[in-house]
Amino acid sequence: MFTSEIVGPHDATIRGTGKLNMVSAPALREAVLALINDERHNVVVDLSGVDFVDSSGLGALVACLKSTRQAGCDLRIAAPGKQVLMVLKLSNLDRVFPIFTSAEEAINA
Amino acid sequence: MPEHSVVFRTPPDGVDVVHAALESLWLQETTVDEMDRMMFETALIELVSNVIQHGASPTTTLCELALTADDADLTAVLVDSAPQPHIDFSPREMPDEFAESGRGLAFIQALVDDFDYRRKDDRNIWAINKHRAVTTK
């Protein structure tokens, strides 16, 4: 599940828990779209509570990245665990997403 | 040789059943390297997700999953009752980074050593096998 938190005048953090897969991917998309509509400039997806991401989850992250960039915003990934880092590297997405070790670091970057 | 079997129907069951079965296997087979566990689990979940998404059954798809671990390999055999799928099993390159779909098969091929499919008695039989990392003690 995903919860959103507004941070300051421009930013927001989405925190996920559990697994990011074909069941939960639509909820991530909805959360990011809501923040874009709310005119957030920087969206940080905090994955510290996410223990597993599959290709559907990656697809949703990519879709979210495209949406934020089309809206002139930035999407950053924070605190991916070992399995999440593994699939990011496998798909070469570690070269595409700005990845930070914590949500605070991602917000302040 | 630890082995775990689980039978499930999709719908309503989903990949959570498979995650739980793997968790049981790892609790019993405690020497499996962490990266091996992650790679095997990711590949298996991609396979099961594919079956769930494309099963094309008008009612429900019955799945039987058998997991085994020995000193050399991790193996999963999935038998499902869905119609025969139309999948190209030739080696896949990883899609472009900005692709929003299409990574599942490429993931499986990249993460495990053997990925096989055959059709028998109105059943799809999928097998994945991963050679375990050699660890020095």
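Values in this document were obtained by computation on a predicted structure and should not be read as measured data.

Asks: Whenever I open this one, the overall build of chain A confuses me. Can you help?
Replies: When helices and strands are tallied, chain A shows four helices and five strands. If you list the helices and strands of chain A from N to C, you get β-β-α-β-α-β-α-β-α. Taken over C-alpha atoms, the radius of gyration comes to 12 Å for chain A, in line with the 13 Å a tight globule of 109 residues would show. Dimensions of chain A, computed from C-alpha atoms along their principal axes, come out at roughly 35 × 25 × 25 Å. Within chain A, buried positions represent 54% of all 109 residues. Residue pairs in contact within chain A that sit at least 24 positions apart in sequence constitute 70% of those at least 6 positions apart. Summing over all exposed atoms, chain A offers an accessible surface of approximately 4,600 Å²; the carbon and sulfur share of this is 52%. Computing the positive centroid from 10 side-chain charges and the negative centroid from 12, chain A places the two 7 Å apart.

Asks: Can you walk me through the sheet that holds strand 4 (residues 114–120) of chain B in this structure?
Replies: By way of backbone hydrogen bonds, the strands of a sheet pair with one another, either parallel or antiparallel. Residues and elements named next belong to chain B. Taken in spatial order, the five strands of this open sheet run 1-2-3-5-4, and their pairing is antiparallel. With partners counted over all chains shown, the strands left at the sheet margins are strand 1 (3–10) and strand 4, one partner each. This sheet shows a mean twist of 15° between the axes of neighbouring strands, independent of strand direction. Sheet strands in contact with helix 2 (residues 34–54) are strand 1, strand 2 (61–69), strand 3 (73–80), strand 4 and strand 5 (123–131), and its direction is about 165° off that of strand 5.

Asks: Explain the layout of surface pockets to me, please; I cannot follow it from the model alone.
Replies: Empty space among the atoms becomes apparent when a probe as large as a water molecule is rolled across them. Within this model, the largest pocket holds a volume of roughly 600 Å³. Residue lining of the largest pocket: 30 residues in total, with Ser 49, Asn 50, Gln 53, His 54 and Ile 87 of chain B positioned closest to the centre. Broken down by secondary-structure element, the contributors of at least two residues to the lining of the largest pocket are helix 2 (55–70) of chain A together with helix 2, helix 3 (104–111) and strand 5 of chain B. Here the lining of the largest pocket takes seven residues from helix 2 of chain B, the largest share from any one element.

Conventions we followed
- Residues numbered from 1 in each chain as written.
- Chains lettered and ligands numbered in written order.
- Predicted model: local features only at pLDDT ≥ 70, side-chain atom pairs only at ≥ 80, totals over all residues.
- Heavy atoms only, no water.
- Helix = DSSP H or I, 4+ residues; strand = E, 2+ residues; numbered from the N terminus.
- Rg over C-alpha atoms; globule rule 2.2 N^0.38 Å.
- Buried < 20%, exposed > 50% of the residue type's maximum accessible area, 1.4 Å probe, protein only.
- Contact = heavy atoms within 4.5 Å.
- Areas by Shrake-Rupley, 256 points an atom, 1.4 Å probe, with all protein chains shown as cover.
- Lys, Arg positive; Asp, Glu negative; His and termini not counted.
- Charge placed at Lys NZ, Arg CZ, Asp CG, Glu CD.
- Pairing = 2+ DSSP bridges.
- Axes fitted to C-alpha atoms, helices over the stretch in contact; angles between N-to-C directions.
- 1 Å grid on protein atoms, 1.4 Å probe; cavity = no way out; pocket = protein on both sides within 12 Å on 5 of 7 lines; lining within 4 Å.
- Points joined across faces, edges and corners; volume = space filled by probe spheres on them.

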